[in-house]
Amino acid sequence: MEVFCIGIAGGSGTGKTTVAKELKKHFGRKAKILHMDKYQRFGEKLPMLYGMKNWDCPQAIKWEKLYKDLISLKKKKGIVIIEGYLLFYKPKVRNLLDFRVYLEAKDKTRIKRRTKFKNAEYIEKVLLPMHKKYIEPTKKFANLVLDTEKYSITRAAAR
């Protein structure tokens, strides 16, 4: 079976999960979504920044488990859709992706759309600096960069 792996990366609030779900609808049962959030290091020691746990740095991800699961899925499913903020960061994981999409939007828009952990101090001191340092630079690895600033799935579907 030929397997195709689509990676969707970008900052918090850019629409990664929404795009992944829409792709899944399009491809149907032959596709599987993998969410990078499932590989967060919960309950484990995380780096601290300004006295807060840093959930937005590469050390917050169980990279080896993600890599092994992705390899396993690529053997079983026709299409694997994986989404995550740091998805393109590690070459070992990035190189398993056949097509890479990076979603971007302005900080203000991304924060407004953010659905989890809306602590203003964390966003200002951790999330935004980590985005600039670790996530935004991975845009160069994308095959396609989409500006999601003005669009949503519902508006795009209506066109």
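The structure under discussion appears in the preceding block.
Residues numbered from 1 in each chain as written. Predicted model: local features only at pLDDT ≥ 70, side-chain atom pairs only at ≥ 80, totals over all residues. Heavy atoms only, no water.

Another aspect to go through is helix α2 (residues 63-76). With 14 residues, α2 should reach 20 Å at 1.5 Å per residue; the first-to-last C-alpha distance of 20 Å fits that figure. Taken together, the buried positions of α2 are Trp-63, Leu-66, Leu-70, Leu-73 and Lys-74. Buried residues along α2 cover an arc of 100° about the axis, so they all sit on one side. Counted as exposed and oriented over 90 degrees from the buried face of α2: Lys-68, Lys-75 and Lys-76. (Helix = DSSP H or I, 4+ residues; strand = E, 2+ residues; numbered from the N terminus. Expected span 1.5 Å × (residues − 1). Buried < 20%, exposed > 50% of the residue type's maximum accessible area, 1.4 Å probe, protein only. Arc of directions from axis to C-beta.)

Relative to strand β6 (residues 99-104), strand β1 (residues 4-10) is paired through five bridges, and the arrangement is parallel. In the strand pairing of β6, Ile-8 is matched with Val-101. As defined by bridge partners, β6 adjoins strand β7 (residues 144-147) across four bridges and the pair is classed as parallel. Following the sheet pairing, Val-101 is matched in β7 by Leu-144. (Pairing = 2+ DSSP bridges.)

Time to look at the packing of aromatic side chains. Under the defined criterion, the tally for this structure stands at two aromatic pairs. Seen in terms of ring centroids, Trp-63 and Tyr-89 are 6.3 Å apart; in terms of plane orientation they differ by 35°. Their pairing is tilted. Remark: Tyr-89 occurs in the loop between β5 (79-83) and α3 (91-94) and Trp-63 occurs in helix α2; sequence separation between them is 26 residues. Among the residues examined, Trp-63 registers a relative accessible area of 11% and is labelled buried. Residue Tyr-89 is classed as partly exposed on the basis of its relative accessible area of 31%. With a centroid separation of 5.7 Å and 85° between ring planes, the pair formed by Tyr-89 and Tyr-134 is classed as edge-to-face. A residue pair is termed long-range when its members are at least 10 positions apart, and Tyr-89 in the loop between β5 and α3 and Tyr-134 in helix α5 (residues 120-135) qualify at 45 residues. A residue is classified by how much of its surface remains accessible, and Tyr-134, at 14% relative accessible area, is buried. Here the aromatic residues Trp-63, Tyr-89 and Tyr-134 are joined through ring pairs into a cluster of three or more. When the ring centre of Tyr-67 is taken as origin, the NZ or CZ atom of Lys-92, which lies over that ring, is 4.3 Å away. (Phe/Tyr/Trp six-rings, centres within 6.5 Å; stacked < 30°, edge-to-face > 60°. Lys NZ or Arg CZ within 6 Å of the ring centre and 35° of its normal.)

Inspection of the secondary structure assignment puts Asn-54 in the loop between β4 (52-53) and α2. Given a relative accessible area of 4%, Asn-54 falls into the buried group. A polar atom in the side chain of Asn-54 sits 3.4 Å from the backbone nitrogen of Cys-57. If we skip the residues at most four places from it in the chain, Asn-54 touches Leu-46, Pro-47, Leu-49, Ala-60, Tyr-122, Val-126 and Met-130. (Polar contact = N/O pair within 3.5 Å; in protein donor to acceptor, adjacent residues only side chain to side chain. Contact = heavy atoms within 4.5 Å.)

Turning next to the sheet that holds β6. Here we have five strands laid out as an open sheet, ordered β2-β5-β1-β6-β7, and parallel in their pairing. A strand with exactly one partner marks an edge of an open sheet, and here the two such strands are β2 (31-35) and β7. On average, each strand axis in the sheet is tilted by 20° relative to the strand beside it, whichever way the strands run. Where β1 and β5 come together, five bridges link them in parallel fashion. When the sheet's bridge partners are listed, Ile-8 is paired in β5 with Glu-83. Its contacts with the sheet place α2 against β1, β2 and β5, and it is angled at close to 155° to β5. (Axes fitted to C-alpha atoms, helices over the stretch in contact; angles between N-to-C directions.)

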